[in-house]
Amino acid sequence: MNKLLFLFSLSLLLGACGNDENASTTQESETEVSAPEGELDPTSPEEADEAEPATFAALANGEIPDGEPVSLTGTVEELTDDNAFPAFILTDGDQQVYVRNMAETAVAVGDTVTVQGIYEGQAEENMPLVSVDIIETP
């Protein structure tokens, strides 16, 4: 008799747990993410058009504040992979900048390109990080 009571209680307990799981999955919703107000949205080509030409040395020396729109011209030195977007290393011959290619424009090693986007500080590789949405080949 105790075994039957135990099995009955266990089945009720498991049945109740199953209902909680379904309720939590139906209540999930998506959250929209947007750029902070007053900063350049790297997915907006109109705002990137306002980017001022910058030097690789100014970025490396921290002379340009984070969030500042910048424009750089250099040579693609190496293609890398950023988790969300393709990326590459841009060089002027002396300095390197890590570029997050939010435009997902195809580039190849050796291409000379002009990029426009925002400076986001230092990347993990201890080089300046720029998220770009405009990539042009002269």
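As the structure is a computational prediction, the values presented were derived from the model and not from experiment.

Things to note about the overall build of the chain
Helix and strand counts for the chain stand at three helices and six strands. When the helices and strands of the chain are read in sequence order from the N terminus, they spell out α-α-β-α-β-β-β-β-β. For the chain, with 138 residues in total, the buried portion stands at 33%. The long-range share in the chain, meaning contacts at least 24 apart out of those at least 6 apart in sequence, stands at 53%. Only carbon and sulfur atoms are counted for the fraction: they give 50% of the accessible area of the chain, which is about 9100 Å².

Observations concerning the nonpolar core
Across soluble globular proteins, nonpolar side chains have a tendency to be buried as a group. Grouped together as the largest cluster of nonpolar side chains are 19 residues, with contacts concentrated most on L59, L72, F88, L90, V113, V115 and V130. Look past the residues within four positions of F88 in its chain and what remains in contact with it is V76, E78, L79, T80, V97, Y98, V99, N101, V107, V113, V115 and I135. A87, A123, M127 and L129 belong to the second-largest nonpolar core, a separate cluster that totals six residues.

Brief notes about the side chain of T91
When you line up the elements, T91 lands in strand 3 (residues 86–91). Given the relative accessible area of 10%, T91 is considered buried. When neighbours within four sequence positions are excluded, T91 is seen to be in contact with F56, G74, T75, E77 and Q96.

Some points on the pairing of strand 5 (residues 112–122)
Along any regular strand the residues' side chains alternate between the sheet's two faces. The buried fraction of strand 5 amounts to eight of the eleven residues, a majority that puts the element mostly inside the structure. Here strand 2 (residues 69–81) pairs with strand 5 via seven bridges, running antiparallel. Counterpart to L72 in the pairing with strand 5 is V115. Bridge analysis of strand 5 against strand 6 (residues 128–136) gives seven bridges, and the strand direction is antiparallel.

Some points on the pairing of strand 2
Summarising the sheet, strand 1 (residues 52–53) and strand 2 pair through two bridges and their orientation is parallel. When the sheet's bridge partners are listed, E52 is paired in strand 2 with V70. Bridge analysis of strand 2 against strand 3 gives six bridges, and the strand direction is antiparallel. From the neighbouring strand, D81 faces strand 3, where its bridge partner is P86.

About the cut-offs
- Residues numbered from 1 in each chain as written.
- Predicted model: local features only at pLDDT ≥ 70, side-chain atom pairs only at ≥ 80, totals over all residues.
- Heavy atoms only, no water.
- Helix = DSSP H or I, 4+ residues; strand = E, 2+ residues; numbered from the N terminus.
- Buried < 20%, exposed > 50% of the residue type's maximum accessible area, 1.4 Å probe, protein only.
- Contact = heavy atoms within 4.5 Å.
- Areas by Shrake-Rupley, 256 points an atom, 1.4 Å probe, with all protein chains shown as cover.
- Core = buried A, V, L, I, M, F, W, Y, C linked by side-chain atoms within 4.5 Å.
- Pairing = 2+ DSSP bridges.

These figures capture arrangement, not role.
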